[in-house]
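# Fold and contact review
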Amino acid sequence: MSFEILADSNFTPRPNDWLQQGAHLRRTVRQNADLTAQRTAFLSQYAITNAHGGRGEAHLYPCHSPALTPTGLNTATRTMAQALAGFPRYSARLLLTFRLLAPLLTKDDDPFYLFDNPARKDHLLGLPYLSAASVKGLSADAYQRAFPNAQPWLDLGEDDPNRTRIFRHADPHARRLFGIADDGANIESEKGRLHFAPVWFNKLQLLVMNPGDPTTAMGTQPIQFEAIAPGQAGVLEVVYFNPYGVKDSDEATVRADLARWLAAVATWWPALGLGAKRLAGYGAIQPEKAVLHAVGWSGMGTSTGPSETSTPTIPDYVREFQNEHGELVPESKLENRLALPGESGERLKTLIEQKEQLQARKQELQRMGKEANRELNQVRNNIDRINREKEQLIKPLEMEKQKLRARYRSAQTWLKNNTPQPEPADTTTAVQSQLALEECTKTGPESWLNLAHWIAE
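Read on for an overview of the structure. (Residues numbered from 1 in each chain as written. Predicted model: local features only at pLDDT ≥ 70, side-chain atom pairs only at ≥ 80, totals over all residues. Heavy atoms only, no water.)

### Thoughts on the side chain of Q144
Counting through the fold element by element, Q144 comes out in helix α5 (residues 132-146). Excluding anything up to four places from it in sequence, Q144 contacts W153, T164 and F167. (Helix = DSSP H or I, 4+ residues; strand = E, 2+ residues; numbered from the N terminus. Contact = heavy atoms within 4.5 Å.)

### A word on the nonpolar core
With 54 residues, the main nonpolar core has W261, L262, W269, L292, W297 and W448 as its most contacted residues. Of the residues forming this core, the biggest block, nine residues, is contributed by helix α8 (residues 251-272). Listed in part, the ten residues of the second largest apolar core include L365, L376, I383 and L393. (Core = buried A, V, L, I, M, F, W, Y, C linked by side-chain atoms within 4.5 Å. Buried < 20%, exposed > 50% of the residue type's maximum accessible area, 1.4 Å probe, protein only.)

### Section: the packing of aromatic side chains
What the rule picks out here adds up to twelve aromatic pairs. Pairing Y90 with Y244 gives two aromatic rings, centres 5.6 Å apart and planes at 80°, and the pair type is edge-to-face. Here Y90, found in the loop between α4 (80-84) and β4 (92-100), pairs with Y244, found in the loop between β12 (233-240) and α8; they are 154 residues apart in sequence, far enough to count as distant. Assessed through its relative accessible area of 37%, Y244 is described here as partly exposed. Ring centres of Y129 and W200 lie 5.0 Å apart, and the angle between their planes is 35°; this geometry places the pair in the tilted category. Of this pair, Y129 sits in strand β5 (residues 129-130) while W200 sits in strand β9 (residues 199-200), placing them 71 residues apart in sequence. An identical accessibility class is assigned to Y129 and W200; each is buried. One aromatic cluster in this structure is built from F98, F196, F201, W261, W269 and W448. Geometry around Y244 places R89 over its ring, the cationic atom sitting 5.7 Å from the centre. Its guanidinium or amino end placed over the ring of W454, R255 lies 5.1 Å from that ring's centre, counting from NZ or CZ. (Phe/Tyr/Trp six-rings, centres within 6.5 Å; stacked < 30°, edge-to-face > 60°. Lys NZ or Arg CZ within 6 Å of the ring centre and 35° of its normal.)

### Points about unusual backbone geometry
Even without being glycine, Y90 reaches a positive phi, approximately 75°. For D248, which is not a glycine, the phi torsion comes out positive at approximately 60°. Mapping D248 onto the fold places it in the loop between β12 and α8.

Here it is as structure tokens:
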């Protein structure tokens, strides 16, 4: 919630919106005692279901449906063709579905919140999520546990960044998967081939932890946490971008990299969990499903993409810009597709005419000298007023033009990647548009590990 809304004395949070209620309570706090009182009142009202003496099950609060999240954010909802269109040979995508068995703790950076430990949420949609950076860090940790170096971890270097660098230099799979960051050490960095996406959820709950004094077993100062509620399913999307044509970009190398990574997370994530305080039992998960989408892999059983002899289906966003010959219309003609409707269009025409008349009168008055200053100022004010009104009318149209150009660029990319090209003289060079996109699916608690074994075969 923005500071502007909270600063508005007339703002009243919606009764059924607990996020607004919690943020609004923070607005009246001036000292720590007030904050403690507000937290206690909020917890007693919102945190516990059927509370008896301050005890009871945590109440679950829905945010917004993840199904309404734009695919640009929730990329796991994209189809196989959308996700891997234009990717080089042997690239792959994994969709790993799991169910939360315990509350998941994620730390947000909201500076104006009722609790010190809010769950990480998208600042516009309000949806809780596990960030892509956290997923990468957790998977790198799982990999290092599954495939440790011959030397103990603490003996690899002076600090964790240095140890990580040495570990990945010694393990070519880890180096390809995660890359090497310079971390300010002025060394050559290297991008990893794995690309992670956030994992989106819907429901939150409020928790109170009361750390105990180890000598007296008495509780100390309660700590409030906002957590992603258990029982929800999450879907993690991981894409392996294979730079086909360079060293170590053959299918065997790609499959070995992915198999090792998937086996590591399949082994350690269910054992350790995800998020913060996982060693205390938070963030426990159970795998439910694993789906592999691959570009041109051998031995795949189910093909749902274009094969070497099939013609890919043209998406609607491409057909939108094609003429009767299947060619894209010139980009210069895109502007003709958009115009302000009805009264708005007529009003814009009127404003343009009025501005032209005022501009002409302005030039006349400027030639007349000081005696025309009063009318000249009035003319200038009228021109400014017309410009503001024009901007308000045109602003939605400009946004539509930007969306139109973005779809046009996507159509250009699709046609470039899916238009058959003449056979090259070198038969070892493959045309990306002819590669099949195929799928392999495993289900059940052992699905992640089973898919890892299948990939390694």
